[in-house]
Amino acid sequence: MPRLVIRENLTMSKIGKLPIPVPGTVKVAISDGHIAAEGPKGKLELDLPPHTAITHDEESKQIMVTRENDQTKSKAMHGLCRSLINNMVVGVAKGYVKKLEIHGTGFRAAVNGNIVNMHLGYSHEINHEIPPQVEVKVDRNTQITIEGPDKQSVGLLASELRAYYPVEPYKGKGVRYSDEVVIRKKGKREAAA
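Rules used throughout
Residues numbered from 1 in each chain as written. Predicted model: local features only at pLDDT ≥ 70, side-chain atom pairs only at ≥ 80, totals over all residues. Heavy atoms only, no water. Helix = DSSP H or I, 4+ residues; strand = E, 2+ residues; numbered from the N terminus. Rg over C-alpha atoms; globule rule 2.2 N^0.38 Å. Buried < 20%, exposed > 50% of the residue type's maximum accessible area, 1.4 Å probe, protein only. Pairing = 2+ DSSP bridges. Expected span 1.5 Å × (residues − 1). Phe/Tyr/Trp six-rings, centres within 6.5 Å; stacked < 30°, edge-to-face > 60°. Lys NZ or Arg CZ within 6 Å of the ring centre and 35° of its normal. Contact = heavy atoms within 4.5 Å. Axes fitted to C-alpha atoms, helices over the stretch in contact; angles between N-to-C directions. Salt bridge = Lys/Arg side-chain N within 4 Å of Asp/Glu carboxyl O.

S.K.: Would you mind going over the overall build of the chain with me for this structure?
M.R.: Helices and strands together make up the secondary structure of the chain, namely three helices and 13 strands. Its C-alpha radius of gyration of 22 Å places the chain more than 25% over the 16 Å reference for a compact globule of 193 residues. Once the C-alpha set of the chain is aligned to its principal axes, its extents read approximately 65 × 60 × 25 Å. Counting over 193 residues, the chain shows a buried share of 34%.

Next up, the structure:
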């Protein structure tokens, strides 16, 4: 019979206790309950979640996140705060990229100012506004590249553009992520043959 091992409740969040490295190209400013990060890809600001605090050690170039107590809510906010700050620092240093592909006869996209214009086989064209600090490029009318320092804004825009015509499994038409695997289905005629 296997032995049952009971671990003691860990006092630190696995994610929250990890230090956040700050590259030399990123400047961090911390004031009570607020953090701002500026780097080559842009500038981002964040109000800290409740029950959390941060310290910036400029010698080791690291940010540490701490929490008020060991209550469940504080533990959850501890990990969340660390992830949000890490995403900020990585975003302003390197940026985030999402790539989409459009498949289908006559399906195409273009960027006009701060609007993504898409033709996806509907009777009308689709115009979607690009949020601030996000850059969209279209290559060969079917390859969309979304870049920006804010991970949430980049991911949200990609998912919204994909939602206009998700990939259908029979012909593979629609908007998909460049690394998305689409499992194709056989139609009635192919299955009967």
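S.K.: Just to check I follow, could you spell out the pairing of strand β6 (residues 62-67) for this structure?
M.R.: For a regular strand, side-chain orientation follows a simple rule: the groups alternate between the two sheet faces. Only one face of β6 is buried, namely the one carrying I63, V65 and R67, since none of Q62, M64 and T66 on the opposite face is buried. Relative to β6, strand β1 (residues 20-21) runs antiparallel, the two being bridged by two bridges. Bridging from a neighbouring strand, P21 pairs with Q62 of β6. Pairing between strand β5 (residues 52-57) and β6: six bridges, direction antiparallel.

S.K.: What is the right way to look at helix α1 (residues 72-93) in this model?
M.R.: Because the α-helix completes a turn every 3.6 residues, residues three or four places apart line up on one side. Taking 1.5 Å of rise per residue, 22 residues should cover 32 Å, and α1 covers 32 Å from first to last C-alpha, within 8% of that figure. Within two residues after α1, G95 carries a phi angle of roughly 85°, on the positive side.

S.K.: Would you take a moment to explain the environment of K75 for this structure?
M.R.: Checked against the element boundaries, K75 lands in helix α1. Residue classification places K75 among the partly exposed positions, given a relative accessible area of 22%. Expressed as a C-alpha distance, the spacing of K75 and E135, which sit 60 residues apart in the sequence, is 35 Å.

S.K.: Just checking my understanding: could you explain the packing of aromatic side chains for this structure?
M.R.: Pairs of aromatic rings are described using the distance from one ring centre to the other and the angle between the two planes. Across all of its chains, the model carries two aromatic pairs by this definition. Seen from their ring centres, Y122 and Y165 are 5.8 Å apart, and the 40° between their planes marks the pair as tilted. In this pair, Y122 sits in the loop between β9 (115-119) and β10 (126-129) while Y165 sits in the loop between α2 (151-163) and β13 (174-177), placing the two residues 43 residues apart along the sequence. Under the relative-accessibility criterion, Y165 is labelled buried at 17%. Among the aromatic residues, those joined into a ring-pair cluster are F107, Y122 and Y165. Stacked on the ring of Y177, the Lys or Arg K98 has its end atom at 5.5 Å from the ring centre.

S.K.: How do you make sense of the sheet that holds β5 when you look at a structure like this?
M.R.: Strand pairing in a sheet takes place through backbone hydrogen bonds and is either antiparallel or parallel in direction. Read across the open sheet, the three strands follow the order β1-β6-β5; overall the sheet is antiparallel. Edge strands, defined here as strands with exactly one partner in the open sheet, are β1 and β5. Against the sheet, α1 makes contact with β1, β5 and β6, and its axis sits at roughly 160° relative to β6, the strand it touches most.

S.K.: Help me understand the pattern of salt bridges, please; the structure alone is not making it clear to me.
M.R.: A side chain with one charge may pair with a side chain of the opposite charge, provided their charged atoms come close. As enumerated under the stated definition, the model contains four salt bridges in all. The shortest N-O distance in the salt bridge between R67 and D70 comes to 2.9 Å. Judged by relative accessible area, D70 falls into the partly exposed class, the value being 45%. Here E147 makes a salt bridge to K137, at a shortest N to O gap of 3.6 Å. With E147 in strand β12 (residues 143-148) and K137 in strand β11 (residues 135-139), this residue pair connects regions lying ten residues apart in the sequence.

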